[in-house]
Amino acid sequence: MPSIATGHDDAGPRRDRLAGIDPAWLGLGFALLALFVYVASNPERQNFYNHFVWQADAFLSGSAAIPWPVSEGPVQNGYFQDVYPLTNEPGRALIPFPPLPALLLLPLVAAYGLSTDAALVAAVIGALDVGLAWRLAARLTPRRDVAAVATAFFAFGTVHWYAAMLGSTWFLAHVVATLFLLLGITAALDAERATAETSADATTEAGPLLDQRQLRAGLLFGLAALARLTTILGAPFFVLVGRGGTALRRALAAGLGAALPVLALLAYNLATTGHLFHPGYEHLYRTEIRPAPDGGLAQLLPLLSGITYHPGEWAIEDLRYVPQNLLIMLGWLPVVRPECGLSLLDQACPLLKPDRIGMSLLLTSPAYLLAVPFALRAWRRRIVLGSLLAIGAIAFVNLAHFSQGWVQFGYRFSNDFAPFGLVLVTLAIAQRGVDRLVLALVGISIVVNAWGVYWGVVSGW
């Protein structure tokens, strides 16, 4: 049973104005537009937090540990958070994050050293993500206008824009993980399509136990975990979507592909720390402090200003963190200052300003709401159920994490499941057509994210 939407046109035979353009050119156009917007949004790019540049430099020197703290000289890192000091090697520290972003930076760091512009690299990779988002959307529907609107939403109506234009350590990891998630999801869809096109051949339908296409999709998906660990929880999608004929065959092939990079990560952790799971996260939990709210809901409910970490009392992943992080993810409001008048951009006294601990995903990207009625109706479809399970698993573990995402616009952990969200939004728009509601919600999402990017840059976040 094919998982890919056919789409329909609510206006009947209305001509799709984009139908005559080569889709490869459209993808390139989206990528170039995104690159221009991402770079122009943050032209100064201070590269204040560039952990992965230091990590790549350490790799080139034959070590996993970076010199830290470096508080003198032209390039310093003494102010870094999120490092794991080595007690047996004073002046050295490990970076606890998975190393794929550092590996991608190796050629540039070899050429430019510690002055490598990691934030610019994030903008470039973020723009590639947008091109791949178009490629994915175009696989889901033959309607070019639907794919274009969905791609515009992903590029400029989600916090992917904020991540790509900022490009500091945590956000670089997000755009790298997104790159491989988009590749993996698209590979699974291509494998699914190959199954549908050859379904008349019974021997081909049964296929080998480990289908190469599904194995490749799993490998690409697994590589995303080498940038963001939680993306591996998107595995249900690859059990339900792809080539293999049955869920068991799809799971075996994709699971083996994903296991290769995950095992490599565990081996890296063991070699550098002596532990399968990096102890740096526990260290961060004991030493990191959640930023206090600037206002938001804390203005209405003062008790919420006490939202914080509970090291020593709660685990690093603890169900008790879910309610307060869910409140930030779905319910947190911007800071409101009625005395400031109607200006939204006045740096001295704005009417509205994002709270630095986060803001509701429903406010930053309301076009995600398009997926809700669609998913309720179509959840039995494998591609829909797989996307929902992937989103739910990734979101749940992030919500149980001690950190809400630190200083941010919106809810940055939503980047971990945004590619699966793109699948649902694209299918939802394909079903209803590009109507006024779709354009309004996507337009609002873009405006809100432009506002958030502005405040993130001028606030020095």
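Residues numbered from 1 in each chain as written. Predicted model: local features only at pLDDT ≥ 70, side-chain atom pairs only at ≥ 80, totals over all residues. Heavy atoms only, no water.

**Student:** So what's going on with the pattern of salt bridges? Residues and values would help.
**Tutor:** Evaluated as defined, the whole model comprises ten salt bridges. For R337, the salt bridge goes to E339, with nearest N and O atoms at 3.3 Å. On the accessibility criterion, R337 (31% relative accessible area) is partly exposed. The exposure class assigned to E339 is exposed, which follows from its relative accessible area of 58%. (Salt bridge = Lys/Arg side-chain N within 4 Å of Asp/Glu carboxyl O. Buried < 20%, exposed > 50% of the residue type's maximum accessible area, 1.4 Å probe, protein only.)

**Student:** Got a sec to walk through the packing of aromatic side chains? Specific residues and values, please.
**Tutor:** Following the criterion strictly, the structure yields 25 aromatic pairs and no others. Seen in terms of ring centroids, F52 and F97 are 6.3 Å apart; in terms of plane orientation they differ by 55°. Their pairing is tilted. With F52 in helix α2 (residues 51-60) and F97 in the loop between β3 (92-94) and α3 (100-112), this residue pair connects regions lying 45 residues apart in the sequence. Across this residue pair, the class does not change: F52 and F97 are buried. Taking 5.3 Å as the distance between ring centres and 80° as the angle between the ring planes, the aromatic pair formed by Y454 and W455 counts as edge-to-face. The class of W455 is buried, set by a relative accessible area of 2%. Ring pairs connect the aromatic residues F48, Y49, Y79, F80, W170 and W406, which therefore count as one cluster. (Phe/Tyr/Trp six-rings, centres within 6.5 Å; stacked < 30°, edge-to-face > 60°. Helix = DSSP H or I, 4+ residues; strand = E, 2+ residues; numbered from the N terminus.)

**Student:** Lay out the sheet that holds strand β1 (residues 66-67) in plain terms, naming residues and giving numbers.
**Tutor:** One open sheet holds the three strands; their spatial order is β1-β3-β2, and the pairing between them is antiparallel. The sheet terminates laterally at β1 and β2 (84-85), the two strands that pair on one side only. Pairing of β2 with β3 involves two bridges; the strand directions are antiparallel. Within β3, the position partnered with Y84 by the bridge is L94. (Pairing = 2+ DSSP bridges.)

**Student:** Provide a residue-level description of the state of the cysteines, including the pertinent values.
**Tutor:** Within the structure shown, the criterion is met by one disulfide. Sulfur-sulfur distance for the disulfide between C340 and C349 comes to 1.6 Å. Classification of the bridge connecting C340 and C349 rests on its S-S torsion, roughly -80°, and on that basis the disulfide is left-handed. C340 sits in the buried class, given a relative accessible area of 14%. (Disulfide = S-S within 2.5 Å.)

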